[in-house]
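Fold and contact review
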Amino acid sequence: MEAIAKGSSVENFPNIITCPSEMVALSMADGYARVTGKPQAVIVHVDVGTQALGCAVHNAHIARSPVLIFAGLCPATIEGEERGSRTEFVNFLQDIPDQSAVVRQYCRYVNEIRSSKNVKQMVARALQFSQSTPKGPVYLYAAREILEREVDPYHLNQIYWQPVKPSGLPQDAIEEIAAALLASSEPLIITGYSGRDPRVPGALVNLADRVPGLRVLDTSLGDVCFPADHPAWLGGAYSHHASIPTADFILVLDCDVPWVPTKGGPRKDAVIYHLDVDPLKASIAVHYIDAVGRWRVDAYTSITQINAHVVATQRDSTSQEQQGRAEVLAKCRQSSHAALLDRIAASAATTSKNDGLNAHIIASTLKRTCPTSSIWCVEAVTNTIPIFNQLQCTSPGSYLSSGATGLGWAGGASLGIKMASMTSGENRFVTQIIGDGTYLFSHPSSVYWISARYSIPILVVILKNKGWNAPRVSMELVHPSGVGSRVSNATLAISHDNPNPDLAGIAKAASGGSIFTGQSSTVGELEDLLPKAIEAVLAGNTAVVECIIPGLEGKL
């Protein structure tokens, strides 16, 4: 705080954002970093603040978001030996044996700053790790005595502290993968987070244009990895997709979970390659796929290499027969894509303004109504797939989710996404789509206080099914006909409709009454409400809209 007071007159001093919740703070930094690619910093209070980061550390780890976390450490002296020695009883209670153990397994780098004379080097080293693939959170901490010592000013030349440069495939791997791809009759690319590099979707389009039988499936639904308007797009799916067991060639590209074996996997004779910044999934205790080759590489570099080899091969050896086959495959793929879009559209079809709402209808309505330059921040859990497929994003960076499992990310992340867009001058419209159970996890009182304090306007759409449906889905995957499948959500303790919380009201109260709120349960109500909410956001105020949708209940 003393440094902040002094720093107000210092050029290039960091912009401080006050966050009443550590999880919201880290989620904001995560969202900001996802948009800009630049690391953001979060400052927390010793062990308790580190613990309060909660599952946001998991999310930044899985999302490979470059964020730096700094925490104080309890003073090590107690008798006034140095400036910064213990001065309060809490300094004793917060002195734990290994503070960094709280977050170590989620971080790319963890270190205590033990000298006041190399603070800049320690920060620069941490940022190197944070920005080198696989990117992710880093954690620094220091005792108060170290931070209170006087040091002479010095300069650190940042040219010597750049992250590790991306790597590509060796020539033999390029030739092997390209040959297998061109020889296949039903090739498939499965990707998860390759879209975090905005160059990758275009590189994949170039490859799909050269290989007319190729299709692309997203099994993370965290980014725009491939544009929905391309005929090779298969949409998004978790765990399993019909294209996986029929493919004879599969390229897994920057993907943590391409399929879940218990739900169905590739055919036995499929040729599988894995290109990833982390192909062995070092932080996942048990993980393997039957890939005949795997390389730790940069997605954009490797896809560009493969595409160049494919172009050269086709130029030198494409016959008239091969050309005819390519035209047939292209027409088949185009027809299949059109049929997919028709099925998705049919899922959102309505017959009356009085029709009830569901995730398909809500996402379809949002897509028609919100500005075309919108960024979608989605944490809808069991409703994520219909939302992803209805939005059909085509622009890199226009769709973001945590890609992880620590619920509550979207609250802070959407603020970070909007702030990054405002800072860049683009000031794009940001819509958060969140489940009601996840909304409760997101620390809404903190989120909407920050939104009002710093004038960060976003549209928030809450899918209100009055419970947490994901645990029911998980239970029924293991016990499809068990006793639990026949009882209500209330019996399973996953309902929150008694009492029924005023979710939008929480946001309004936290903002001091400045936020626009509304609720809809029918198509007509949503169509009437959305333009008003959008108008409020464009005028500079956050808007929170509750949409009542059906929940999952037991087979009563």
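Since the model is a prediction, treat every value here as computed from it, not as a measurement. (Residues numbered from 1 in each chain as written. Predicted model: local features only at pLDDT ≥ 70, side-chain atom pairs only at ≥ 80, totals over all residues. Heavy atoms only, no water.)

Quick look at the packing of helix α14 (residues 409-424) against helix α16 (residues 444-453) now. Following both chains from N to C, one finds α14 and α16 inclined at 15 degrees, their axes separated by 9 Å at the closest point. On the basis of their axis angle, the class for α14 and α16 is roughly parallel. Judged by the sense of rotation from one axis to the other, the crossing of α14 with α16 is left-handed. The segment α14 lies against α16, with Gly411, Gly412 and Leu415 engaging Val447, Ile450 and Ser451. Among the residues forming the contact of α14 with α16, the class breakdown is three nonpolar, three polar and no charged. (Axes fitted to C-alpha atoms, helices over the stretch in contact; angles between N-to-C directions. Helix = DSSP H or I, 4+ residues; strand = E, 2+ residues; numbered from the N terminus. Parallel < 35°, antiparallel > 145°, perpendicular 65-115°, else oblique. Left-handed = near helix turned anticlockwise from the far one by under 90°. Contact = heavy atoms within 4.5 Å. Nonpolar A, V, L, I, M, F, W, Y, C, P; charged D, E, K, R; others polar.)

The contact between helix α2 (residues 22-36) and α14 brings their axes to 6 Å, and the two run at 45 degrees. The angle between the axes of α2 and α14 places the two elements in the oblique class. As for how α2 packs across α14, the hand of that crossing is right-handed. Contacts from Met23, Val24, Ser27, Met28, Asp30, Gly31, Tyr32, Arg34, Val35 and Thr36 in α2 reach Trp409, Gly412, Ala413, Leu415, Gly416, Ile417, Met419, Ala420 and Thr423 in α14. Across the contact of α2 with α14, the residue classes tally to eleven nonpolar, six polar and two charged.

The next point concerns the side chain of Arg64. The residue Arg64 is located in the loop between α4 (55-63) and β2 (67-73) in this model. Overall, Arg64 belongs to the buried group, its relative accessible area being 12%. Among the polar contacts made by the side chain of Arg64, one reaches the side chain of Tyr193 at a distance of 3.4 Å. Those residues in contact with Arg64 that lie beyond four places of it in its chain are Arg108, Pro134, Lys135, Gly136, Tyr193, Arg196, Asp256, Val277, Asp278 and Lys281. (Buried < 20%, exposed > 50% of the residue type's maximum accessible area, 1.4 Å probe, protein only. Polar contact = N/O pair within 3.5 Å; in protein donor to acceptor, adjacent residues only side chain to side chain.)

To continue, consider the state of the cysteines. Under the definition given, this model contains zero disulfides. Just so you know, Cys107 is unpaired, no disulfide at all, and the nearest cysteine sulfur is the one on Cys55, 14 Å from it. Summary of cysteine pairing: Cys547 is not part of a disulfide, and the nearest cysteine sulfur, belonging to Cys370, is at 11 Å. (Disulfide = S-S within 2.5 Å.)

So, on to helix α11 (residues 320-347). Its 28 residues give α11 an end-to-end C-alpha distance of 41 Å, which sits within 8% of 40 Å, the value for a rise of 1.5 Å per residue. Of all the positions in α11, only Arg333, His337, Leu340 and Ile344 are classed as buried. (Expected span 1.5 Å × (residues − 1).)

This part covers the sheet that holds strand β12 (residues 399-400). Here six strands make up an open sheet; going across it, the order is β12-β11-β13-β14-β16-β15 and the pairing parallel. Looking at the sheet topology across the chains shown, the edges are occupied by β12 and β15 (516-520). Relative to β12, strand β11 (residues 375-379) runs parallel, the two sharing two bridges. Bridge pairing in β12 links Cys377 to Leu400. (Pairing = 2+ DSSP bridges.)

With that out of the way, let us pick up the UniProt feature "domain: Thiamine pyrophosphate enzyme N-terminal TPP-binding" (unreviewed entry) in the chain. The UniProt record marks residues 14-101 with the feature "domain: Thiamine pyrophosphate enzyme N-terminal TPP-binding" (unreviewed entry), using the residue numbering of this structure. Taken end to end, residues 14-101 is 40% helix and 14% strand, and its first and last C-alpha atoms sit 28 Å apart. (UniProt positions renumbered as here; feature names shortened; annotations may be inferred.)

A separate point is the pairing of β11. Burial analysis of β11 places five of its five residues in the buried class, which makes it a mostly covered element. Burial of β11 is two-sided: the residues Ile375, Cys377 and Glu379 facing one way and the residues Trp376 and Val378 facing the other way are all buried. Taking the sense of rotation as the criterion, the β-α-β connection linking β11, helix α13 (residues 384-391) and β12 turns out right-handed. (Right-handed = clockwise from strand over helix to strand, strands pointing away.)

The full count for this structure, using the stated rule, is 16 salt bridges. Residue Asp256 is joined to Lys281 by a salt bridge in which the shortest nitrogen-to-oxygen separation is 2.8 Å. Residue Asp256 is found in the loop between β8 (249-253) and β9 (271-276), and its partner Lys281 is found in the loop between β9 and β10 (293-296); the two are separated by 25 residues along the sequence. There is no split in this pair, since Asp256 and Lys281 are both buried. Among the charged side chains, a salt-bridge network with shared partners connects Arg64, Asp256, Asp276 and Lys281. (Salt bridge = Lys/Arg side-chain N within 4 Å of Asp/Glu carboxyl O.)

Before going further, it helps to spend a moment on the sheet that holds strand β6 (residues 215-218). Across the sheet, which stays open at both edges, the six strands sit in the order β7-β6-β5-β8-β9-β10 with parallel pairing between neighbours. Here the strands that pair on one side only, and so sit at the sheet edges, are β7 (233-236) and β10. The mean inter-strand angle of the sheet, taken between neighbouring strand axes irrespective of direction, is 15 degrees. Those strands touched by α11 are β6 and β7, and its axis lies near 30 degrees from that of β7. Of the strands in this sheet, β6 and β7 touch α13, which is tilted by about 145 degrees from β7.

With that settled, the discussion passes to the environment of Ile387. For Ile387, the position within the fold is in helix α13. Take Ile387: its relative accessible area is 1%, and that puts it in the buried class. Between the C-alpha atom of Ile387 and that of Ile362, which follows or precedes it by 25 residues, the distance is 8.1 Å.

Those residues of helix α18 (residues 503-510) not exposed but buried are Leu503, Ala504, Ala507 and Ala510. Seen end-on, α18 carries its buried residues on one side only, within an arc spanning 130 degrees. Summarising the contacts, the buried residues of α18 are in contact with α15 (436-441), α16, β14 (459-464), β15 and β16 (543-548). Two residues or fewer past α18, Gly512 is found with a positive phi of approximately 75 degrees. (Arc of directions from axis to C-beta.)

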